[in-house]
Amino acid sequence: MSTSVRIVIVDDHPLVVSRLELLLPEMTDGRATVVASTGDASAAESLVRHWVPDLVLIDLRMPPPGGIRAITGVRLAAPRARIVAMSGDDDPALAVEALQAGAEAFLPRTGEPERLLQPLLSILDGWAVMPAELLSAVLGSARRAGPAPVELDKRERTLLQLISAGATTAEIAGRLHVSERTVKRLTASLLRKLRVSSRTEAAALAGRAGILGGTGV
């Protein structure tokens, strides 16, 4: 991670929020900072609209309107922000719903906030993180849905393969010989074309369409 990352946390567990506020700057040499937090899911949209964060952590098991509604609001208010869903629930259905709503990654939460740090650091470096059983559920759902009903040109296919391989924005920029800003623009365009809201959903589409691999990353 080479640039500063502004983080907003939407979570009604004060211990988790306070520990992440303390540990994230320490573990990232000050590059990741929690700029705001709220325990009210209904306040998430206005909060991210004000702070314009790079990454938003959202607890799915929050009081009404709940974490899924918070994800939907955040996606509308800050389309470029990466959304990470968290839950202690073992049922993958809720996590899949979060991914469909616009989350790009999912972290199982435990009673120890420190356990969130390593996967969260991977997310900050550009990886899409989720448990293996959840990935299987996402890919299984995608396979049942059939192939993506769109035609992709060569660069779009390469971009989709790189995204599916977990390449960071910087790595994709190097492979395509464009700026990171251009990669973000191309990715947003690709997601719109595929009619998905996150890199994770795009990767699932790539898997069912049989166009993974061959990126050289």
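Summarised in this report is the structure supplied together with it.

**Some details on the overall build of the protein chain**
A count of helical and extended segments in the protein chain gives ten helices and five strands. Relative to its full complement of 217 residues, the protein chain shows a buried share of 49%. Look at the contacts in the protein chain between residues 6 or more apart in sequence, and 69% of them connect residues 24 or more apart. With an accessible surface of roughly 10800 Å², the protein chain has 51% of that area assigned to carbon and sulfur atoms.

**Notes on unusual backbone geometry**
Looking along the chain, the bond that leaves Pro 64 and enters Pro 65 is cis, with omega of 10°. Within the secondary structure, Pro 65 sits in the loop between β3 (55–59) and α3 (66–77). For Asp 29, which is not glycine, the phi torsion reads 55° and is therefore positive. At His 177, a position not held by glycine, the phi torsion is positive, near 60°.

**Re the nonpolar core**
Formed by 26 residues in total, the largest nonpolar core has its most connected members in Val 56, Ile 58, Leu 60 and Ile 71. Sorting elements by how many residues they give to this core places α3 first, with five residues. Leaving out residues up to four positions away in the same chain, Ile 71 has contacts with Ile 58, Leu 60, Ile 83, Ala 85, Ala 98, Ala 101, Gly 102 and Ala 103. Membership of the second largest hydrophobic core comes to 22 residues, among which are Val 17, Leu 55, Leu 117 and Leu 121.

**Some words on the pattern of salt bridges**
Enumeration according to the criterion identifies three salt bridges in this entry. For the salt bridge of Arg 49 with Glu 45, the shortest nitrogen-to-oxygen distance reads 2.8 Å. Placement of both Arg 49 and Glu 45 in helix α2 (residues 44–51) is noted, with a separation of four residues, approximately one turn of the helix. Assessed through its relative accessible area of 47%, Arg 49 is described here as partly exposed. Lys 193 is the partner of Glu 156 in a salt bridge, and the nearest nitrogen-oxygen pair spans 2.9 Å. Taken as a pair, Glu 156 in helix α7 (residues 154–164) and Lys 193 in helix α9 (residues 180–194) lie far apart in primary sequence, 37 residues in all. Glu 156 sits in the buried class, given a relative accessible area of 17%. For Lys 193, a relative accessible area of 31% corresponds to the partly exposed category.

**Remarks on the packing of α2 against α3**
Between two packed helices, the angle of one axis relative to the other and the distance separating the axes together describe the packing. Two elements in contact, α2 and α3, have axes whose closest approach is 8 Å; the angle formed by their N-to-C orientations is 30°. Here α2 is positioned roughly parallel relative to α3, judged by the angle of their axes. The way α2 lies across α3 gives a crossing that is right-handed. Listed contacts from α3 to Ala 44, Glu 45, Val 48 and Arg 49 of α2 are Ala 70, Gly 73, Val 74 and Ala 77. Tallied by class, the residues present in the contact of α2 with α3 amount to five nonpolar, one polar and two charged.

**Section: the sheet that holds β3**
With parallel pairing, five strands are arranged side by side in an open sheet as β2-β1-β3-β4-β5. Looking at strand neighbours, the two that pair on one side only are β2 (32–38) and β5 (105–108), the edges of this open sheet. Neighbouring strand axes in the sheet, compared pairwise and without regard to direction, differ in orientation by 25° on average. One ladder, built from six bridges, connects strand β1 (residues 5–10) with β2; its direction is parallel. Residue pairing across strands places Val 10 opposite Thr 38, the latter belonging to β2. Sitting on the sheet, α3 touches β3 and β4 (82–87), and the angle it makes with β3 is about 160°.

Definitions and limits used
- Residue positions are given per chain, counted from 1 along the sequence in the order it is written.
- Totals for whole chains, interfaces and linings use all residues, but because this is a predicted model, local features are given only for residues with pLDDT of at least 70 and pairs of side-chain atoms are given and counted only at 80 or more.
- The basis for every side-chain value is the complete set of heavy atoms in the structure, and neither hydrogens nor water enter the calculation.
- Runs of E in the DSSP output that reach at least two residues are strands. Runs of H or I that reach at least four are helices, and both are numbered from the N terminus.
- Accessibility here uses a 1.4 Å probe with only protein chains present; expressed as a share of the type maximum, an area under 20% marks a residue as buried, one over 50% as exposed, and anything in between as partly exposed.
- Contacts are residue-level and defined by heavy atoms, with any inter-residue pair within 4.5 Å sufficient.
- Surface exposure here means Shrake-Rupley accessible area, sampled with a 1.4 Å probe, where a residue is shielded only by the protein chains that are shown.
- Residues grouped as a nonpolar core are buried Ala, Val, Leu, Ile, Met, Phe, Trp, Tyr and Cys residues, joined through side-chain atoms within 4.5 Å.
- Think of a salt bridge as a Lys or Arg side-chain nitrogen and an Asp or Glu carboxyl oxygen that are within 4 Å of each other.
- Orientation is described by axes fitted as lines to C-alpha atoms, over the contacting stretch for helices, and by angles from 0 to 180 degrees between their N-to-C directions.
- Orientation is classified from the angle alone, with under 35 degrees giving roughly parallel, over 145 giving roughly antiparallel, 65 to 115 giving roughly perpendicular, and any other angle giving oblique.
- Rotating anticlockwise by less than a right angle from the far helix to the near helix defines a left-handed crossing, while the corresponding clockwise rotation defines a right-handed one.
- In this classification, Asp, Glu, Lys and Arg are treated as charged, Ala, Val, Leu, Ile, Met, Phe, Trp, Tyr, Cys and Pro as nonpolar, and every other residue, Gly included, as polar.
- Criterion used throughout: strands pair if DSSP finds at least two bridges between them.

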